[in-house]
Amino acid sequence: MNNRLRVLRAERGWSQAELGGQLGVSRQAVNAIETGKYDPSLPLAFKLARLFGLAIEDIFHDDQ
Amino acid sequence: MIFYRSLNNPAGTRRSLRAIRRLVIAALVAYPLGCLVRLVGPDTLPVQLIGLGLIVTSLVCAALLAGTQLNRVTAEQATMLDEYDRSLRHRAMATAYPLLSGLLVLGIMYLGIASNLDWWHPGNWDQWNAVFWGAFLTCSLLPTAALAWQLDPAEVGDEGEPA
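Rules used in this analysis
Throughout this description, residue numbers start from 1 for each chain and increase along the sequence as written. A letter from A marks each chain and a number from 1 marks each ligand, given out in the order of writing. Local features in this predicted model are restricted to residues whose pLDDT is 70 or higher, and side-chain atom pairs enter the listing and the counts only when it is 80 or higher, whereas totals over whole chains, interfaces and linings include all residues. The basis for every side-chain value is the complete set of non-hydrogen atoms in the structure, without hydrogens or water. Starting at the N terminus, helices and strands are each numbered in turn, a helix being any DSSP run of H or I of at least four residues and a strand any DSSP run of E of at least two. Throughout, radius of gyration means the C-alpha value; the globule benchmark is 2.2 Å times the number of residues raised to the power 0.38. Only protein chains enter the calculation, and the probe is 1.4 Å; a residue is then buried if its accessible area is under 20% of its type maximum, exposed if over 50%, and partly exposed in between. Every residue pair with non-hydrogen atoms within 4.5 Å of one another is taken to be in contact. Shrake-Rupley sampling with a 1.4 Å probe provides the accessible areas, and residues are treated as covered by the protein chains on show and by no other component. Charged-residue counts in this description rest on Lys and Arg as positive and Asp and Glu as negative, His and the chain ends being excluded. Taken as the charge location is NZ of Lys, CZ of Arg, CG of Asp or CD of Glu. Summary of the metric used: pLDDT quantifies the predictor's per-residue confidence within the range 0 to 100. We call a set of buried residues a nonpolar core when its members are Ala, Val, Leu, Ile, Met, Phe, Trp, Tyr or Cys and they connect through side-chain atoms within 4.5 Å of each other. Each Phe, Tyr or Trp ring, with Trp reduced to its six-membered ring, pairs with another whose centre is within 6.5 Å; inter-plane angles below 30 degrees give stacked pairs, above 60 give edge-to-face pairs, and intermediate values give tilted ones. Salt bridge, as used here: a side-chain nitrogen of Lys or Arg that lies within 4 Å of a carboxyl oxygen of Asp or Glu.

Trainee: Please explain the overall build of chain A as it appears in this structure.
Mentor: When its secondary structure is counted, chain A shows 5 helices and 2 strands. Walking chain A from its N terminus toward its C terminus, one meets helices and strands in the order β-α-α-α-α-α-β. For 64 residues, the compact-globule estimate of 2.2 N^0.38 gives 11 Å, and the C-alpha radius of gyration of chain A, at 11 Å, lies within 12% of that figure. Structurally, chain A occupies a C-alpha span of about 30 × 25 × 20 Å along its principal axes. Burial statistics for chain A: of 64 residues in total, 44% are counted as buried. Across chain A, every contact between residues at least 6 apart in sequence was considered, and the portion connecting residues at least 24 apart equals 57%. Per element, the accessible surface of chain A, about 3,400 Å² overall, is 51% carbon and sulfur. Of note, chain A has its 8 positive side-chain charges centred 8 Å away from the centre of its 8 negative side-chain charges.

Trainee: Would you mind going over the environment of B:Ala63 with me for this structure?
Mentor: Residue and element names in this part refer to chain B. With respect to the element layout, Ala63 can be found in helix 2 (residues 45-66). Given the relative accessible area of 53%, Ala63 is considered exposed. Considering only alpha carbons, one finds Ala63 and Gly34, 29 residues apart in sequence, at a separation of 17 Å.

Trainee: Is there a simple way to explain the confidence of the model for chain B in this structure?
Mentor: The predicted structure's coordinates, where accompanied by low pLDDT, should not be read in detail. Residue and element names in this part refer to chain B. Residue-level pLDDT values for chain B average 89, and 93% of them are 70 or greater. The low-confidence segment residues 159-163 (pLDDT under 50) makes 11 contacts with residues lying over four places distant or belonging to another chain. What the predictor reports for the complex is a pTM of 0.84 with an ipTM of 0.87.

Trainee: When you look at the side chain of B:Arg72 in this model, what are you seeing that I'm missing?
Mentor: Residue placement: B:Arg72 occurs in helix 3 (residues 69-75). B:Arg72 has contacts with B:Phe3, B:Pro10, B:Ala11, B:Gly12, B:Met80, B:Leu81, B:Asp85 and B:Arg89, leaving out every residue within four places of it along the chain.

Trainee: Would you take a moment to explain the confidence of the model for chain A for this structure?
Mentor: For chain A, mean pLDDT is 92; residues scoring 70 or higher make up 98% of the total. When pLDDT is averaged over each element of chain A, helix 4 (residues 42-52) of chain A comes out on top at 95 and strand 1 (residues 2-3) of chain A at the bottom at 89.

Trainee: Mind showing me how you'd approach the nonpolar core here?
Mentor: Grouped burial of nonpolar side chains is what soluble globular proteins tend to show. Judged by nonpolar contacts, the single largest core of 39 residues is most densely connected at A:Leu48, A:Phe52, A:Ile59, A:Phe60, B:Leu70 and B:Leu147. No other element matches helix 1 (residues 17-40) of chain B, which puts 6 residues into this core. Look past the residues within four positions of B:Leu147 in its chain and what remains in contact with it is B:Leu70, B:Val73, B:Thr74, B:Leu88 and B:Ala92.

Trainee: So what exactly am I meant to see when it comes to the packing of aromatic side chains here?
Mentor: Two descriptors summarise a pair of aromatic rings, namely the distance from one centre to the other and the angle between the planes of the rings. Tallied over the full model, the rule gives 6 aromatic pairs over all chains. Aromatic rings pair up to connect B:Phe132, B:Trp133 and B:Phe136 into one cluster.

Trainee: Got a minute to help me understand the pattern of salt bridges in this structure?
Mentor: Two side chains of opposite charge can pair, provided their charged atoms sit close to one another. Residue and element names in this part refer to chain A. Under the counting rule described, the total for this entry stands at 5 salt bridges over all chains. Among the salt bridges present, the one from Arg9 reaches Glu34, with a minimum N-O distance of 2.4 Å. Placement of Arg9 in helix 1 (residues 5-12) and of Glu34 in helix 3 (residues 27-34) is noted, with a sequence separation of 25 residues between them. Classification of Glu34 as buried rests on a relative accessible area of 9%. Shared partners join several salt bridges into a network, and the residues in it are Arg6, Arg9 and Glu34.

Next up, the structure:
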């Protein structure tokens, strides 16, 4: 699954650690999501969407 | 699986994957090698000291691993981990369990054959004690070892932003 997390984070000037702190996950978790190595759970995806004020599908999109 | 949680650094010490892989290999190879040297080598002080030195080296490497971030993933209480760490732990266990099962089966097969063919097998308290601690070390380190070889540096952020 692809996502726009790196772009959205950069627009707000947050580091991976700062974003992780707001989400309650580690910097490594944010890094893994951004690089597409890990797909977050639905609760974490909702948390991300709320944080950026977007819908989940505006952040994550399927490859197909 | 033992994680040493420091009060100053509860998230664990950050070490590169390369360093962790080297520590794992040193810990898992030096211990049996040290035991073999002490068992098979001549009963002289220098040889016994070399064997002991290898065993101590193995334990020092295991101690250095115990407080690392990667070992935290496999050994910390699950409630202290986030969902990504728990997914990594699942991957580590899924690899380490078959490995450990294979080693256990091979060990039992060897003991069965060795007792029939009069090969060496543990015969006294000291030897069984060494086997026990070797098994303990292997059980403790296999999940971390599995994870160290499954991950690539980018995945754990070794090549990403600094911590």
